[in-house]
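# A look at the structure
Chain residues, written in single-letter form:
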Amino acid sequence: MRVEDLPAPIPVAARCRRRGIIYTADLITVRLPGVLPLSTRLAQGDVEEAGWRAVGACIARFHLAGFCHADLNAHNLQLDDNNSVYLLDWDRGQRRLPGRWRESNVSRLQRSLHKISDNGMGRYDPDGWAALIEAYKENLAG
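Residues numbered from 1 in each chain as written. Predicted model: local features only at pLDDT ≥ 70, side-chain atom pairs only at ≥ 80, totals over all residues. Heavy atoms only, no water.

## Observations regarding helix H3 (residues 101-118)
- Between its first and last C-alpha atoms H3 spans 25 Å; for 18 residues at 1.5 Å apiece the expected length is 26 Å, and the two agree.
- Regarding H3, the residues found buried are Trp101, Arg102, Asn105, Val106, Leu109, Ser112, Leu113 and Ile116. End-on, the buried residues of H3 take up no more than an arc of 145°, which puts them together on one face. Exposed side of H3, more than 90 degrees from the buried face: Arg111, Lys115 and Asp118 are the residues found there.
- Turning to H3, the residues buried within the fold contact helix H1 (38-43), helix H2 (49-64), strand S4 (67-68), strand S5 (77-79) and helix H4 (126-141).
- Immediately beyond the C-terminal end of H3, within one or two residues, lies Gly120, with a positive phi of roughly 75°. (Helix = DSSP H or I, 4+ residues; strand = E, 2+ residues; numbered from the N terminus. Expected span 1.5 Å × (residues − 1). Buried < 20%, exposed > 50% of the residue type's maximum accessible area, 1.4 Å probe, protein only. Arc of directions from axis to C-beta. Contact = heavy atoms within 4.5 Å.)

## Points about the nonpolar core
- Residues Leu77, Leu109 and Leu113 are the most contacted members of the largest nonpolar core, which totals 31 residues.
- Sorting the residues of this core by element identifies H1, H2, S5, strand S6 (85-87), H3 and H4 as the ones contributing at least two each.
- It is H2 that contributes the most residues to this core, seven residues altogether.
- Look past the residues within four positions of Leu109 in its chain and what remains in contact with it is Val55, Ile59, Leu72, Asn73, Ala74, Leu77, Trp129 and Leu132. (Core = buried A, V, L, I, M, F, W, Y, C linked by side-chain atoms within 4.5 Å.)

## With respect to the environment of Pro37
- With respect to the helices and strands, Pro37 occurs in strand S3 (residues 36-37).
- Separated by 59 residues in the primary sequence, Pro37 and Arg96 place their C-alpha atoms 26 Å from one another.
- Non-local contacts of Pro37, meaning those with residues more than four positions away in its chain, are made with Ala74, His75, Leu77 and Gln78.

## Quick word on the pairing of strand S2 (residues 22-29)
- Examined bridge by bridge, strand S1 (residues 11-19) and S2 share eight bridges and lie antiparallel to one another. Paired with Arg18 across the bridge in S2 is Tyr23.
- Counting the residues in the hairpin turn of S1 and S2 gives two residues, including Gly20, whose phi is positive at 70°. (Pairing = 2+ DSSP bridges.)

## Considerations on the pattern of salt bridges
- Summed over all chains, the structure comprises seven salt bridges.
- Arg53 is paired through a salt bridge with Glu134; the nearest N and O atoms lie 3.9 Å apart. Of the two residues, Arg53 sits in helix H2 while Glu134 sits in helix H4, which places them 81 residues apart along the sequence.
- Using a relative accessible area of 24% as the deciding quantity, one classes Arg53 as partly exposed.
- Owing to a relative accessible area of 43%, Glu134 belongs among the partly exposed residues under this scheme. (Salt bridge = Lys/Arg side-chain N within 4 Å of Asp/Glu carboxyl O.)

## Some remarks on unusual backbone geometry
- Look at Asp5: it is not a glycine, yet its phi comes out positive at around 60°.
- In this structure, Asp89 takes a positive phi of about 70° despite not being glycine.
- Positionally, Asp89 belongs in the loop between S6 and strand S7 (94-95).

Set out below in structure tokens:
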């Protein structure tokens, strides 16, 4: 991801321990100063259209490079005050050929946003989601 200049934290150390069919994975990365999870920004009511568009563009960049995030949710998307977006938690991510996984990956994020809204930890913003999807499609098309 770093070689392709994708906005993911730089890993410092990693460990994976397997016990039968169960595993635990630990990853230590360089700290990203001044970022907050999208979920926190939503709880604060602090995501404007530019932030939504930045999230959509970020996801498209990863998808164009073939990276599928196994747990794409509002907690793993981090934004700073300038709407720079970083995608965390790649322990189960995979590199794939283009396919329908992209659509289901984005749908996973939408389910996460609905869950946050249903739990009262933020508000699902249909206009924000529309801006995210528009930017995603624009950036995916190149």
